[in-house]
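Here's the letter readout for the chains.
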Amino acid sequence: MESILRIEHLRKYYGETKAVEDVSFSVNKGELVVIIGPSGAGKSTVLRCINRMIDPTDGSIWFEGADIAKLTSEKELKALRRRIGMIFQSFNLVYRLSVFQNVLHGRLGYMSTMDAVLGKYSEEDKRKALELLDMIGLKDMIYKRAGDLSGGQKQRVGIARALMQDPALLLCDEPIASLDPASSKIIMDQIQKMTKEREIACIVNLHQVDVAKTYADRIVGIHKGEVVFDDVPEKLDEAMIEKIYEMPIQELTVGLEKGKVS
Amino acid sequence: MEGIVVGGNRQNIFGPEPEEKQSSPVLLHRDGKIRTADPAKSRGIKIFLILFLIVGCGAMYTMNLDWAQLAGGISQIPAAIANLCEIDFYQFDVTFSALFESIAVSILATIYSLILGMFLAVFMARNITPFRWLPPILSAFFTFLRAIPSTIWVLLILVCVGFGPTAGIIGMSISSMAFFAKSMCQCFEEVSNDTIEALKAMGAGKIKIFFRAILPSAFTSLLAWTSINFESNFESSIILGTVGGGGIGYVVSNCMGRYSYGQAMVAILLMLAFTYIMEIGFTVFKERKK
């Protein structure tokens, strides 16, 4: 498999606070990697360092042959970001606009400023957006206001918006944390399907270990800003989970057994 | 779960087969391009913009601006600036104490109107008002108060209480209170209903919810409105001064009348400095309180 992204010794300090200490892993084309770890372990920081929403303190991030941790110019950063799609926990749509317009926002990075200001999307982009909306099952709601959708539907719009970018890499920051189990399953299924079908590399931050085991090709466990596990889901045993979450498995399993999603 | 239609009828909307879905078909522009939003839903904005354009053009037409006079005046600008730049500190003590008079008037007006306005805003905000029927009545009443500019209010009060700063303070407080009531009401209404629901679920009453949730949530925007209002009160106290109400506005109009532009400039610079310092002060305070 061809590696799309390789992170080497990533480090991020906020003054004295160590958000990420030493994180290294790589992601292949069409591979779905799930990052698990307790709150505050640095999962979100790692994701946001990849698309440079946060500037890393040290380390390298190799993406499509270049070390993107070293990029500084605004122009290069924009060119990088449009190759990387992102899906957020709280959807982050423009709720006053139509579903269709929200999906088309995925093309903003590729358009001239004038066209973007006037909302002049090309017919090709529009057709592509409709195709995506059909695929995610929102074809009948394209003119609905995004704010009127349910949580699961909003996240599906989020997925379509990210895919509009034609991303090589998809970053999902807690994509199902504010959703019910049924919607969670739809969203995770869709993320997995898109990753495989379109050969996109995908990194998902998750709270739920069982969901991670179901969907991940590989799991990366982060504890206090360091990678403590990086292997196939089958190898993630109870001892390892205890180590990642720093908590006896009995206390963890209460949530895990009852919260089964699949 | 359905919703993950693999492959399926992806081609249907574009394919040759007839549309079977009645709900929300793809809408087209007149030139055949695909619409990204339903025009029926944005009609209100369009009508508003068109009306705006018509009214704007109408205003331009009826005003009948004398462009020639305007162009002629441009040549006078350098001379006027040169006059103002000859800064003259004559009677600086008078100017300075006049500045403080204006500041005192605007501070008092702001404080009185803040207290009254906030109290009334509680009854006007639809999410916390104790009486459902009250907000529209109050809102109409305050619109009436705001429709009359503060200068007119001061003149009306002058008739009752006679000359002096009291009339200025009361007159400014009236319109300023109406402004506060409206802006604060909006701040209160913007506080998320989820937060209010959470506190209600804990058994807190309306007064508790107001002081423990709504007021802290709205604090920074309240501060912003207070700063804006204080600024506008300072401004109106100056305008009142120019028509004879005392304070630094009087100094400026008096100096201009005597052609001592340099002295007027000192007064103007003092106002500028004060407004700027206040602005910085409020910004710093707001940053701290975040």
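A quick note: this is a predicted structure, and the numbers were derived from the prediction, not measured. (Residues numbered from 1 in each chain as written. Chains lettered and ligands numbered in written order. Predicted model: local features only at pLDDT ≥ 70, side-chain atom pairs only at ≥ 80, totals over all residues.)

1. A word on the overall build of chain A
Helices and strands together make up the secondary structure of chain A, namely 10 helices and 10 strands. Dimensions of chain A, computed from the C-alpha atoms along their principal axes, are close to 55 × 45 × 35 Å. Burial analysis of chain A (262 residues in total) assigns 43% to the buried set. Across chain A, contacts joining residues at least 24 apart in sequence account for 71% of those joining residues at least 6 apart. (Helix = DSSP H or I, 4+ residues; strand = E, 2+ residues; numbered from the N terminus. Buried ≥ 20, exposed ≤ 12 C-beta atoms within 10 Å, placed from the backbone. Contact = placed C-beta atoms within 7 Å.)

2. What about the pairing of strand 1 (residues 3–14) of chain A?
All names here are of chain A. Across eight bridges, the pairing between strand 1 and strand 2 (residues 17–28) is antiparallel. Pairing of Y13 across the sheet is with K18, part of strand 2. From the end of strand 1 to the start of strand 2, which pair antiparallel, there are two residues, and G15 there has a positive phi angle of about 60 degrees. Pairing analysis gives five bridges linking strand 1 to strand 4 (residues 58–63), with the strands arranged antiparallel. Within strand 4, the residue paired with R6 across the bridge is W62. (Pairing = 2+ DSSP bridges.)

3. Some words on the nonpolar core
The biggest cluster of nonpolar side chains holds 76 residues, and the ones touching the most others in it are V34, V99, V103 and C202 of chain A. Considering each element in turn, this core owes the most residues, six residues, to helix 6 (residues 151–164) of chain A. The residues contacting V103 of chain A, other than those within four sequence positions of it, are A129, L132, L133, V157, A160, R161 and M164 of chain A. Formed by 31 residues, the second largest nonpolar core is a distinct cluster that contains A121, M172, M184 and V191 of chain B. (Core = buried A, V, L, I, M, F, W, Y, C linked by C-beta atoms within 7 Å.)

4. Brief notes about the environment of A204 of chain B
All names here are of chain B. With respect to the helices and strands, the residue A204 is situated in the loop between helix 8 (193–201) and helix 9 (206–245). Through-space distance from the C-alpha of A204 to that of I248 is 49 Å; in sequence the pair is 44 residues apart. For A204, the residues in contact, after removing those within four places along its chain, are L199, I209 and R212.

5. Side note on the packing of helix 4 (residues 92–124) of chain B against helix 11 (residues 261–289) of chain B
All names here are of chain B. The contact between helix 4 and helix 11 brings their axes to 10 Å, and the two run at 40 degrees. In terms of orientation, helix 4 and helix 11 fall into the oblique class. Both helix 4 and helix 11 take part in a crossing whose hand is right-handed. Every residue of helix 11 that contacts helix 4 at F92, T95, L99 and I103 is listed here: V266, A267, L270 and F274. Grouping the constituent residues of the contact of helix 4 with helix 11 by class yields seven nonpolar, one polar and no charged. (Axes fitted to C-alpha atoms, helices over the stretch in contact; angles between N-to-C directions. Parallel < 35°, antiparallel > 145°, perpendicular 65-115°, else oblique. Left-handed = near helix turned anticlockwise from the far one by under 90°. Nonpolar A, V, L, I, M, F, W, Y, C, P; charged D, E, K, R; others polar.)

6. Some thoughts on the pairing of strand 7 (residues 169–173) of chain A
Residue and element names in this part refer to chain A. Where burial is concerned, most of strand 7 is hidden: five out of the five residues are buried. Two strands pair when backbone bridges link them, and strand 7 and strand 8 (residues 201–205) are joined in this way by five bridges, in the parallel orientation. By the bridge assignment for strand 8, C172 is matched with V204.

7. Examining the confidence of the model for chain A
Residues and elements named next belong to chain A. Confidence in the prediction of chain A, expressed as mean pLDDT, is 90, and 95% of residues score 70 or more. Here helix 10 (residues 249–258) stands out as the element of chain A with the lowest mean pLDDT, 60, in contrast to strand 3 (residues 32–36), whose mean of 96 is the highest. Considering only residues more than four positions removed or in separate chains, one finds that residues 258–262, a stretch of pLDDT under 50, has 10 contacts. (pLDDT = per-residue confidence, 0-100.)

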